[in-house]
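Take a look at the letters that make up each chain.
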Amino acid sequence: MKFIPKITLLLLLLFVHSSQAKGKRRKCPEGAWSEGKIMNTIMSNYTKMLPEAEDSVQVNIEIHVQDMGSLNEISSDFEIDILFTQLWHDSALSFAHLPACKRNITMETRLLPKIWSPNTCMINSKRTTVHASPSENVMVILYENGTVWINHRLSVKSPCNLDLRQFPFDTQTCILIFESYSHNSEEVELHWMEEAVTLMKPIQLPDFDMVHYSTKKETLLYPNGYWDQLQVTFTFKRRYGFYIIQAYVPTYLTIIVSWVSFCMEPKALPARTTVGISSLLALTFQFGNILKNLPRVSYVKAMDVWMLGCISFVFGTMVELAFVCYISRCQNSVRNAERRRERMRNSQVWANGSCRTRSNGYANGGSIISHYHPTSNGNGNNNRQDTPLVTGRGSLHRNGPPSPLNLQMTTFDSEIPLTFDQLPVSMESDRPLIDEMRPGSPPPPSGCLARFHPEAVDKFSIVAFPLAFTMFNLVYWWHYLSQTFDQNYQ
């Protein structure tokens, strides 16, 4: 047990020694050329021209995705930081025949403009910059057989093919396109390496998740010939949790609040109007707040369908309120007309068989005297003949009882009531009042809407509106979520 600490100390010393040995730079043997001498010798006989080869120059490309910035819907682009690697062979840079100390040389970036390069660029990028922290992040390695390996750390802003018809359940694609700007496929051929794209860490954006990426090669025809083109496509799926909380849940609450007006009595017109208008304004504000962060596209989005549907339901509550108010007004008109006819029927004067004198307010300062003259028609039946007499000045009035009048009416015993035809009308304005007081006058038309009751309409609406909104939800979520789940990213 005593030798265990000694063995542990020995292993620790061996580990430190081996790590120091690996960290040391190997010393070149005597007679070997230094890197500077090799590069001076190569560059003294080098001409910056297309490398000599039996076939076109084969350029292999790969990228390492370091990070991604935000995907902007307004400008339809995204930002990405990549390590862009190019690999090709240039026999004029070979130093295998020289007594080199190492099999590869890390060149200075100042020598990069002096050697030939395929001039590969991202032709669809909006902006491409080389990171400088503090100097340019460019690495150039030259192998003894003439193979050149160049790596740039780039920040690229590239366009995206946005299709917002499924927003906020949409999936977007962004493309990087690599192409030789100076050489066609007869001179330079571009190829993806075996592992063309490598993610250095999981990519997660605030609004999107990168769910897939793919690469492909195409050959395009230009006026100067065929050109190789390499494409990498990144697929992003939107995170719609934000819109569920900020858009869908508030609209649900607003729709439910608009249904509260169905529980109020029809006479509470100001309260019901306030609830409906407030709900409509709230939905309009929410809709505008979402649209200001989206591009102005002419097609209909999923969010447009939802918001316009919710606004239609709130507008329907306002239409229902107007319908209920109209029914109430019609019923009040019919009720008032019935009361007016009832009062006029009760004010008709009947002779009940006793001779009497009455004072009434139907004439100003005058009197009406009716004399009854019974006659016989030969069959034993008596016919009533009344002769109304008007004395004084005045006329019949429609509105309210006038000043006290001296209206005297004398009748004899009879079972036949006094008719309105026997009353004199001194002015044309008195004729409508007489016509309305006739028992045979037809009632004013009430219309078919008077048969409905406002309370019954509210009871129907409080059931019909939630059912219709439930059906709208089922169709909406089934249509858009099924398309989201059925997408294949391969």
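The text that follows walks through the structure, step by step, so that each part is easy to find. (Residues numbered from 1 in each chain as written. Predicted model: local features only at pLDDT ≥ 70, side-chain atom pairs only at ≥ 80, totals over all residues. Heavy atoms only, no water.)

**Remarks on the state of the cysteines**
Next, step 1: All told, the structure shown has one disulfide when counted by the stated rule.
Next, step 2: Across the disulfide, Cys160 is cross-linked to Cys174 (sulfur-sulfur distance 1.9 Å). Taking the sign of the torsion about the S-S bond as the criterion, the disulfide between Cys160 and Cys174, at about 95°, is right-handed. Linking Cys160 in strand 7 (residues 147-161) with Cys174 in strand 8 (residues 171-180), this pair joins segments that are 14 residues apart in sequence. Across the pair, Cys174 and Cys160 agree in class, each one buried. (Disulfide = S-S within 2.5 Å. Helix = DSSP H or I, 4+ residues; strand = E, 2+ residues; numbered from the N terminus. Buried < 20%, exposed > 50% of the residue type's maximum accessible area, 1.4 Å probe, protein only.)

**What to know about a positive patch on the surface**
Next, step 1: A surface patch of positive charge is lined by Lys267, Arg335, Arg339, Arg340 and Arg343.
Next, step 2: Within the secondary structure, Arg340 sits in helix 5 (residues 302-346). (Patch = residues over 30% accessible without salt bridge, like charges linked within 9 Å, V, L, I, M, F, W, Y side chains within 5 Å. Areas by Shrake-Rupley, 256 points an atom, 1.4 Å probe, with all protein chains shown as cover. Salt bridge = Lys/Arg side-chain N within 4 Å of Asp/Glu carboxyl O. Lys, Arg positive; Asp, Glu negative; His and termini not counted. Charge placed at Lys NZ, Arg CZ, Asp CG, Glu CD.)

**Quick look at the pattern of salt bridges**
Next, step 1: Summed over all chains, the structure comprises 15 salt bridges.
Next, step 2: Put simply, Lys157 and Asp77 hold a salt bridge, and the shortest N to O gap is 3.8 Å. With a gap of 80 residues between them, Lys157 in strand 7 and Asp77 in strand 2 (residues 77-89) connect regions that are remote in the sequence.
Next, step 3: By relative accessible area, Lys157 is classed as partly exposed at 22%.
Next, step 4: The class of Asp77 is buried, set by a relative accessible area of 3%.

**So, the environment of Leu93**
Next, step 1: Structurally, Leu93 can be placed in the loop between strand 2 and strand 3 (104-107).
Next, step 2: Taking the C-alpha atoms as reference points, Leu93 and Pro51, 42 residues apart in sequence, are found 9.6 Å from one another.
Next, step 3: Here Leu93 is in contact with Ile42, Tyr46, Ile115, Leu142, Tyr143, Gly146 and Val148, once residues within four sequence places are set aside. (Contact = heavy atoms within 4.5 Å.)

**Notes on the packing of aromatic side chains**
Next, step 1: On inspection of all chains with the given rule, the structure shows 29 aromatic pairs.
Next, step 2: Judged by centre distance (6.0 Å) and plane angle (55°), the rings of Trp306 and Trp477 are tilted. Linking Trp306 in helix 5 with Trp477 in helix 7 (residues 454-485), this pair joins segments that are 171 residues apart in sequence.
Next, step 3: Judged by relative accessible area, which is 0%, Trp306 ranks as buried.
Next, step 4: By relative accessible area, Trp477 is classed as buried at 19%.
Next, step 5: One aromatic cluster in this structure is built from Phe169, Tyr240, Tyr248, Tyr252, Trp259, Trp306, Phe313, Phe469, Phe472, Tyr476, Trp477 and Tyr480.
Next, step 6: It is Arg165 that lies over the ring of Tyr299; its NZ or CZ is 4.3 Å from the centre. (Phe/Tyr/Trp six-rings, centres within 6.5 Å; stacked < 30°, edge-to-face > 60°. Lys NZ or Arg CZ within 6 Å of the ring centre and 35° of its normal.)

**Digging into the packing of helix 3 (residues 241-258) against helix 4 (residues 269-291)**
Next, step 1: Axis separation between helix 3 and helix 4 bottoms out at 9 Å; the angle between their running directions is 165°. The pairing of helix 3 with helix 4 is recorded here as roughly antiparallel in orientation. Here helix 3 runs over helix 4; the crossing is left-handed. Contacts between helix 3 and helix 4 involve Ala247, Pro250, Thr251, Thr254, Ile255, Val257 and Ser258 from the first element and Val275, Ser279, Ala282, Leu283, Gln286 and Ile290 from the second.
Next, step 2: Looking at the contact of helix 3 with helix 4 residue by residue, the class counts come to eight nonpolar, five polar and no charged. (Axes fitted to C-alpha atoms, helices over the stretch in contact; angles between N-to-C directions. Parallel < 35°, antiparallel > 145°, perpendicular 65-115°, else oblique. Left-handed = near helix turned anticlockwise from the far one by under 90°. Nonpolar A, V, L, I, M, F, W, Y, C, P; charged D, E, K, R; others polar.)

**Notes on the environment of His191**
Next, step 1: Turning to its location among the elements, His191 is positioned in strand 9 (residues 188-199).
Next, step 2: Judged by relative accessible area, which is 24%, His191 ranks as partly exposed.
Next, step 3: Along the sequence, His191 and Gln229 sit 38 residues apart, while their C-alpha atoms lie 8.8 Å from each other.
Next, step 4: With sequence-adjacent residues up to four places away left out, His191 is seen in contact with Gln58, Val59, Asn60, Ile61, Lys217 and Leu230.
Next, step 5: A polar side-chain atom of His191 sits 2.5 Å from a polar atom in the side chain of Gln58.
Next, step 6: Here Lys217 takes part through its side chain, which lies 3.4 Å from a polar atom of the side chain of His191. (Polar contact = N/O pair within 3.5 Å; in protein donor to acceptor, adjacent residues only side chain to side chain.)

**Here we look at the packing of helix 5 against helix 7**
Next, step 1: The N-to-C vectors of helix 5 and helix 7 enclose an angle of 170°; their axes lie 11 Å apart at closest approach. With respect to their mutual orientation, helix 5 and helix 7 come out roughly antiparallel.
Next, step 2: Among the residues forming the contact of helix 5 with helix 7, the class breakdown is 18 nonpolar, seven polar and two charged.

**Points about the side chain of Ser158**
Next, step 1: Position of Ser158 relative to the elements: it lies in strand 7.
Next, step 2: On the basis of relative accessible area, Ser158 is assigned to the buried category, the value being 0%.
Next, step 3: A polar side-chain atom of Ser158 sits 3.5 Å from a polar atom in the side chain of Asn124.
Next, step 4: Looking at Ser158, its side chain comes within polar contact range of the main-chain oxygen of Ile175, at 2.7 Å.
Next, step 5: Beyond its immediate sequence surroundings of up to four residues, Ser158 is in contact with Asp77, Phe78, Asn124, Ser125, Lys126, Ile175 and Leu176.

**Side note on the pairing of strand 2**
Walk down a regular strand and you will see the side chains alternate between the two sheet faces.
Next, step 1: When strand 1 (residues 57-72) meets strand 2, the two strands line up antiparallel, connected through 10 bridges. Bridge assignment links Asn72 to a residue of strand 2, and that residue is Asp77.
Next, step 2: Linking strand 1 to strand 2, which pair antiparallel, is a turn of four residues; within it Ser76 sits at a positive phi near 55°.
Next, step 3: Sheet topology note: the strand 2/strand 7 ladder contains 13 bridges and is antiparallel. Residue pairing in the sheet places Phe78 in a bridge with Ser158 of strand 7. (Pairing = 2+ DSSP bridges.)

**Looking at the pairing of strand 1**
Next, step 1: In this sheet, strand 9 lies alongside strand 1 in parallel orientation, the contact comprising eight bridges. Residue pairing across strands places Val57 opposite Val188, the latter belonging to strand 9.

**Examining the nonpolar core**
Note on soluble globular proteins: their nonpolar side chains tend to be buried together.
Next, step 1: In this structure, Met68, Phe78, Ile80, Ile82, Phe178, Phe234 and Phe236 are the most contacted members of the largest nonpolar core, which totals 51 residues.
Next, step 2: Ranked by residue count, the leading element in this core is strand 1, at seven residues.
Next, step 3: Setting aside chain neighbours within four positions, we find Ile82 in contact with Ile63, His64, Val65, Gln66, Met122, His152, Arg153, Leu154 and Val156.
Next, step 4: If you look at the next biggest cluster of nonpolar residues, it comprises 26 residues, including Phe167, Tyr248, Ile290 and Ile311. (Core = buried A, V, L, I, M, F, W, Y, C linked by side-chain atoms within 4.5 Å.)

**Side note on unusual backbone geometry**
Next, step 1: Between Ser133 and the following residue, Pro134, the backbone shows a cis peptide bond with an omega angle of -5°.
Next, step 2: Mapped onto the elements of the fold, Pro134 is located in the loop between strand 5 (127-130) and strand 6 (138-143).
Next, step 3: Phe167 connects to Pro168 through a cis peptide bond whose omega is 10°.
Next, step 4: A positive phi is found at Ser76, a non-glycine position, where the angle reads about 55°.
Next, step 5: Here Ser76 is to be found in the loop between strand 1 and strand 2.
Next, step 6: For Asn119, which is not a glycine, the phi torsion comes out positive at approximately 55°.
Next, step 7: Assignment of secondary structure puts Asn119 in the loop between strand 3 and strand 4 (120-122).

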